[in-house]
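# Geometric and topological summary
Chain residues, written in single-letter form:
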Amino acid sequence: MRVSKIATPRTTIAQRGQPRNAPQQARAAQTRAQVLASAAELFADRGYPHTSIDHIAKQVGMTKGAVYFHFRDKKDIAAEIVRELYNRWRVRLDEAQAMGLPPMETVQALLNNAANKFFEDDIVKAGARIQAERSLSDTTLPEPYVEWIATISTLLAKASGAGQLRDGMDPESAAYMLVSAFFGLQHVCDVLNQRADLPRRWAEMSGLLFASIAASPE
């Protein structure tokens, strides 16, 4: 009498290439992102000093232990939000450069896009506030603004080479001015109106700023 073999599901090449714990890793990454999103909302609204792990756990609907499974402490969460902020700025730069605009217009597109993200993105709002309150936190954060100044300075140097920058205008000085004006404006708009008017106010200010550094039309 022949004993029939029980058919077993065949593993595909794609499945064999995946780690067995891939679903768990995906769920952990999703949960970690949810913690960051909830913490960002609180940091943006309450500030770093007035937000606790208890607040974050309640906001995300988890226990404190579950939050601590993904992050060592509040400092770790804050640092991760700031790192994500810088990652998002680099995405904004890539988007602006992908538009294929001349250098000066690329700077304008980058800052216009950033103004809109300040209005709608909690990670951006929280990261900026954490950076502004860095003296009140006990965590090590990247030095703010220097990457912005360097990036815009490089673009303005290209603009100068293309004849777009006013004669005698130093690209680094112009970049410093633009970054200072942009982040100063977002802070004022935040204090006075929760940034609701930031895109409009930036459109007004940027018109004046770029007119002051651009080459005169022939």
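Above this text is the structure in question.
This text gives an overview of the structure that appears in the document. (Residues numbered from 1 in each chain as written. Predicted model: local features only at pLDDT ≥ 70, side-chain atom pairs only at ≥ 80, totals over all residues. Heavy atoms only, no water.)

### Re the pattern of salt bridges
Opposite charge on two side chains permits pairing when their charged atoms draw close. The cut-off we apply is this: Any carboxyl oxygen of Asp or Glu within 4 Å of a side-chain nitrogen of Lys or Arg constitutes a salt bridge here. Secondary structure is summarised from DSSP: a helix means a run of H or I of at least four residues, a strand means a run of E of at least two, and numbering begins at the N terminus for each. Residue burial is assigned from relative accessible area. The probe radius is 1.4 Å, only protein chains are included, and a residue is buried under 20% of its type maximum, exposed over 50%, and partly exposed in between.
All told, the structure shown has 15 salt bridges when counted by the stated rule. Note that Arg32 is salt-bridged to Glu80, the shortest N-O span being 3.9 Å. Of the two residues, Arg32 is situated in helix α2 (residues 22-46) and Glu80 in helix α5 (residues 74-98); the sequence distance between them amounts to 48 residues. For Arg32, a relative accessible area of 27% gives the class partly exposed. Look at Glu80 and you get buried, because its relative accessible area is 18%. Two residues, Glu80 and Arg83, come together in a salt bridge whose shortest N-O distance is 2.8 Å. Highlighted residues: Glu80 and Arg83, both in helix α5, separated by three residues, approximately one helical turn. Among the charged side chains, a salt-bridge network with shared partners connects Asp197, Arg200, Arg201 and Glu204.

### Concerning the packing of aromatic side chains
Put simply, the test is: We call Phe, Tyr and Trp rings a pair once their centres come within 6.5 Å, taking the six-membered ring for Trp, and we label the pair stacked below 30 degrees between planes, edge-to-face above 60, and tilted otherwise. Charge-over-ring contacts are defined here by two conditions on Lys NZ or Arg CZ: a distance within 6 Å of the ring centre and an angle within 35 degrees of the ring normal.
If you walk through the whole model with that rule in mind, you get 10 aromatic pairs. Aromatic pair Phe118 and Phe183: ring centres 6.0 Å apart, planes at 80°, arrangement edge-to-face. Highlighted residues: Phe118 in helix α6 (residues 103-120) and Phe183 in helix α9 (residues 171-193), separated in sequence by 65 residues. Neither residue differs from the other here; Phe118 and Phe183 are each classed as buried. Among the aromatic side chains, those forming a connected cluster through ring pairs are Trp89, Phe118, Tyr145, Trp148, Phe182, Phe183 and Trp202. Note that Lys74 overlies the ring of Tyr48, its terminal NZ or CZ placed 4.1 Å from the centroid.

The analysis is restricted to geometry; functional conclusions fall outside its scope.
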